[in-house]
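Topology and contacts: notes
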Amino acid sequence: MQVDQQIRNEILESGASFEERGKEVIAIDSASTEYLKGVVERYGWPDSMIAGSEASHAAFLLVQHSNDNDFQKHALTLMTEVLDHGGIDLEDYAFLYDRVQVREGKPQKYGSQAYSDSLGVYHFYPIADSINIDARRAEMGMMPFSDYIRLMKQVYQFE
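Residues numbered from 1 in each chain as written. Predicted model: local features only at pLDDT ≥ 70, side-chain atom pairs only at ≥ 80, totals over all residues. Heavy atoms only, no water.

Considering helix α8 (residues 145–155)
Within α8, the full set of buried residues consists of F145, Y148 and M152. The buried residues of α8 occupy one face: seen down the axis, they fall within an arc of 55 degrees. Structurally, α8 contributes buried residues whose contacts are with α6 (90–103), β2 (122–124) and α7 (133–139). (Buried < 20%, exposed > 50% of the residue type's maximum accessible area, 1.4 Å probe, protein only. Helix = DSSP H or I, 4+ residues; strand = E, 2+ residues; numbered from the N terminus. Arc of directions from axis to C-beta. Contact = heavy atoms within 4.5 Å.)

Describing unusual backbone geometry
Glycine aside, residues mostly have negative phi angles, and peptide bonds mostly take the trans form. Even without being a glycine, D129 presents a positive backbone phi close to 45 degrees. With respect to the helices and strands, the residue D129 is situated in the loop between β2 and α7. In this structure D129 comes out as partly exposed when scored by relative accessible area, which is 45%.

Topic: the packing of helix α2 (residues 22–43) against helix α4 (residues 53–64)
The N-to-C vectors of α2 and α4 enclose an angle of 130 degrees; their axes lie 9 Å apart at closest approach. With respect to their mutual orientation, α2 and α4 come out oblique. Once α2 is placed against α4, the crossing between them reads as left-handed. Counting all contacts with α2, which are made through S32, T33, Y35 and L36, the residues of α4 involved are A59, L62 and V63. (Axes fitted to C-alpha atoms, helices over the stretch in contact; angles between N-to-C directions. Parallel < 35°, antiparallel > 145°, perpendicular 65-115°, else oblique. Left-handed = near helix turned anticlockwise from the far one by under 90°.)

Thoughts on the packing of α2 against helix α5 (residues 69–83)
Axis separation between α2 and α5 bottoms out at 12 Å; the angle between their running directions is 40 degrees. In the crossing of α2 with α5, the sense of the turn from one axis to the other is left-handed. Here T33, L36, K37 and V40 of α2 lie close against α5, whose contacting residues are F71, H74 and L78. Here the residues of the contact of α2 with α5 sort into 4 nonpolar, 2 polar and 1 charged. (Nonpolar A, V, L, I, M, F, W, Y, C, P; charged D, E, K, R; others polar.)

A word on the confidence of the model for the protein chain
Per-residue confidence for the protein chain gives a mean pLDDT of 88, with 94% of residues at or over 70. No element of the protein chain has a lower mean pLDDT than helix α1 (residues 2–14), which averages 72, and none a higher one than α7, which averages 98. (pLDDT = per-residue confidence, 0-100.)

Notes on the packing of aromatic side chains
In this structure the tally under the stated criterion is 6 aromatic pairs. Where Y97 meets Y110, the ring centres are 6.0 Å apart and the plane angle is 75 degrees; that geometry is what we call edge-to-face. Here the residue Y97 occupies a position in helix α6, and Y110 occupies one in the loop between α6 and β1 (114–116), the gap between them amounting to 13 residues. Taking the relative accessible area as the measure of exposure, Y97 reaches 21% and is therefore partly exposed. When the centroid spacing of 6.0 Å and the interplanar angle of 45 degrees are considered together, the rings of F124 and Y148 count as tilted. Of this pair, F124 sits in strand β2 while Y148 sits in helix α8; the two residues are 24 residues apart in sequence, bridging distant segments of the chain. Like Y148, F124 is buried. An aromatic cluster is built from F95, F124, F145 and Y148, whose rings are joined through pairwise contacts. Above the plane of the ring of Y97 lies K109, whose end atom (NZ or CZ) is 5.5 Å from the centre. Between R137 and the ring centre of Y148, over which it is positioned, the NZ or CZ distance is 4.7 Å. (Phe/Tyr/Trp six-rings, centres within 6.5 Å; stacked < 30°, edge-to-face > 60°. Lys NZ or Arg CZ within 6 Å of the ring centre and 35° of its normal.)

Digging into the pattern of salt bridges
Per the stated rule, a full pass over the model turns up 6 salt bridges. In this structure, the salt-bridge partner of E34 is K37, at a minimum N-O distance of 3.5 Å. In this pair, E34 and K37 are both assigned in helix α2, 3 residues apart and thus about one turn of the helix distant. For K37, a relative accessible area of 25% translates into the label partly exposed. (Salt bridge = Lys/Arg side-chain N within 4 Å of Asp/Glu carboxyl O.)

What follows is the structure, given as structure tokens:
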């Protein structure tokens, strides 16, 4: 998790684009994915009840940044299985759920996923039933969508 977050923070702080350091990011994400696959294969999903909340969140970050769509879907299934007993951070689950939906060409549910266009301007991927987004976000412990948009505008050039 430290390596995953370090490179992303360096990119944000420097004002560089992810594309400028893309090879580094891909290499880190690929290595992290392989590591997490081994953990999951051996122990199952590291939910917070067993591994602690920090380890569970770290696993989420690694799978969220993975380029392996099949592994993300598998991790989402495993997270769903432990969701009911409180072993997963609801916001982490929502972010991965949206990531999987978007990668499958489906609308996201919680409005967590955005993309950068050719001019470097960020936009949200389509959102299903956008009228009720704040109710769904509240169920997952997420900030209201309008607050999330403001946060994204502070961090990224966002429309």
